[in-house]
Amino acid sequence: MAAGPYNYSYIFKYIIIGDMGVGKSCLLHQFTEKKFMADCPHTIGVEFGTRIIEVAGQKIKLQIWDTAGQERFRAVTRSYYRGAAGALMVYDITRRTTYNHLSSWLTDARNLTNPNTVIFLIGNKSDLDAQRDVTYDEAKQFAEENGLMFLECSAKTGENVEDAFLDTAKKIYKNIQDGSLDLNAAESGVQHKPSNGPRGANLGGESSGNKDPCSC
Amino acid sequence: MTTPNGNSFCMEEEPPAPSETHHDMLGFRSDCSQYHHRQISIKDTKKLRKRENKWLKMIGKWDRTIERRFPLIRKRCRKGIPFSLRARAWQHLCKSDNESIRIRFGTEENFESYKEDKDAAYKMYNHYLTANTNPEVVMEIKQDVGRQFPNNKLFYENGKSNLGQESLANVLIAFTNARPRTGYCQGQGPVAAFLLMHMPEHEAFWTLIRICDQYICGYFDDGLRTLRLDAEILMNLIKYVHPKASKKMKAMDVRPAEFMIEWFMCLFTRTFPWPTCERIWDMFFCEGVKVLFRVALVLIKECLPNDVLKACTNKFDILSKLRSPPAKVLKEDYLIQQCKELPVNEYHMEKEHRKQLRNMRACEVISVPQNGDTSEVN
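Note that the coordinates shown come from a computational prediction; the quantities given were computed from them, not determined experimentally. (Residues numbered from 1 in each chain as written. Chains lettered and ligands numbered in written order. Predicted model: local features only at pLDDT ≥ 70, side-chain atom pairs only at ≥ 80, totals over all residues. Heavy atoms only, no water.)

Draft legend 1. Quick look at unusual backbone geometry. Positioned with a positive phi, A:K34 is a non-glycine residue whose angle comes to about 55°. As for its position among the elements, A:K34 is in the loop between α1 (24-33) and β2 (46-55). (Helix = DSSP H or I, 4+ residues; strand = E, 2+ residues; numbered from the N terminus.)

Here you go:
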């Protein structure tokens, strides 16, 4: 809590979306706490998590919004999409219906975020391979057809969870570097913070000491 | 530390043995954050007995008391209903007791035969429970009950699921059959579970029905329209209580839906320790939904004192603060006192309600051609 607000150079906003019971909150918990929460209560409304990661020597704070999966919450969860730099779209590899609903989640993600938002498809519960209901190959194909990044993960064992969150950040960072993501655009989902750390390299020419730089 | 003789109120508990798992009087495991061990002194026990007597008398002639002496009931609800009578009092307050059910529902065509039946409430519950239910909904419900209050003995014991899970599934299934238009919403789970910690299955069912019909009508409906309306009302009431927070939250584009849904939908069962939650429910059953607003406003005020507010540099900071209330506001006596002192009255609430309802209707008229949903606009 006392860690100064300027110990990182960027803030990226993520959202996690997908059907109820696919393991969104468990993925978040695994990523932020490195633990599997077996009795994870269902999310009502929205939950949050943060973690500071490092990409190419830059410290980045991830602000992760974990949404309720039940259909009727969509009327309110839609407002959380605004200004997300990354969207993790999750299905459960043991339940085909959660995979079948992906197109509707993708439509929401596309319509409610900006064109540069990185969308990462996660097939969760990869530890339950024996009960698999969706093959890796077809999900991979779906991801390729829609230009999504894709991994199968397990919130239980932790397999690939780290990679999914980090790869998303790397892609966002790359988009910043090559200029395709405009930091000054409203709702880019990225905030650039002046850094007092040893690496205090201010990439963009933003003025430092901005108060209220909230763009999310 | 002395045990009062003949204590029938189950308020007194032995301190937990260090090695084995112990549960508090509501069934919460000693190693979880909701656990609440309560030691009652003799003086408190005497006070409690007096209070129980008052409540017993009141319940004995309930109809007359509620009709003629409502302020007295309100005052006593604010002071807290004694634990031993709480479930009964809640049911009387919301009219989910057998007598009311028989009168209210016994005249409906399906239930004519139950009109004179003493067990009407129980039988009608069974009728709903055994009705045909959409198997997909049953699956959704069953998937969720396993994640409800896993630290409570009613639902989990020694790492294994316990009887409460089945009761909870039953209550929720019966509810979707009784109120098919509302159907199953995940927010009902914690409310039903908390009721089950206090009363048997069919009573919990009827109380849930009354809560949804009479208190938070529409909160669980598809589209969450009423909840969204109340969210806007809450947002606009903040200015009366904590103008600085109101200003800053608006400036940082904090949306009420980002912090109040769980509070209101679960009636604070996931926010407060259970003794505080019970006190909130005591008032809620008596005074209705405005209690939720009061509690929410106190929470906002206490989570965002001026110095904290100043340190918040973005919306995420504010939301994080609102999710971790300081310890003192979680204590029942402090919270209730703050609720009483709040500079917001019914006039403010009603004024905001009218205003936000107008706004919402105006928005809906504009958006109707897009979604074609005219059923809610009237």
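Next comes the rest of the description.
Draft legend 2. Quick peek at the interface of chain B and chain A. Taken together, the contacts link 37 residues of chain B with 34 residues of chain A. For the pair chain B and chain A, the summed buried area comes to about 3,200 Å², and 57% of that belongs to carbon and sulfur atoms. Of all residues in chain B, B:R147, B:Q186 and B:F316 give up the largest surface area on contact with chain A, accounting jointly for 23% of the area buried on that side. Counting across the interface, chain B meets chain A through 2 salt bridges. (Contact = heavy atoms within 4.5 Å. Buried area = accessible area lost by both parts, 1.4 Å probe. Salt bridge = Lys/Arg side-chain N within 4 Å of Asp/Glu carboxyl O.)

Draft legend 3. Main features of the pattern of salt bridges. For the structure shown, the criterion picks out 29 salt bridges over all chains. Ionic pairing is found between A:E47 and B:R323, a salt bridge with its closest N-O pair at 3.0 Å. Remark: B:R323 occurs in helix α17 (residues 315-323) and A:E47 occurs in strand β2; the pair is interchain, linking two chains. When the shortest N-O distance is used, the salt bridge between A:E162 and A:R51 registers 2.5 Å. Of this pair, A:E162 sits in helix α6 (residues 161-177) while A:R51 sits in strand β2, placing them 111 residues apart in sequence.

Draft legend 4. Structural detail: the domain arrangement of chain B. Residues and elements named next belong to chain B. When cut into domains, chain B gives domain 1 (99-215) and domain 2 (232-365). Using C-alpha coordinates to define each centre, domain 1 is positioned 29 Å away from domain 2. Of the roughly 1,100 Å² buried where domain 1 meets domain 2, counting both sides, 77% is carbon and sulfur surface. Viewed at the interface, domain 2 and domain 1 are joined by 0 salt bridges. Put simply, domain 1 and domain 2 have 2 residue pairs in polar contact (both at pLDDT 80 or more) between them. Elements represented by at least two residues in the side of domain 1 that touches domain 2 include exactly α9 (188-196) and α10 (201-215). Per element, the largest residue contribution to the side of domain 1 that touches domain 2 is 4 residues, and it comes from α9. Each residue belonging to the side of domain 1 that touches domain 2 can be placed in one class, and the counts come to 8 nonpolar, 4 polar and no charged. (Domains from an automatic or database assignment. Polar contact = N/O pair within 3.5 Å; in protein donor to acceptor, adjacent residues only side chain to side chain. Nonpolar A, V, L, I, M, F, W, Y, C, P; charged D, E, K, R; others polar.)

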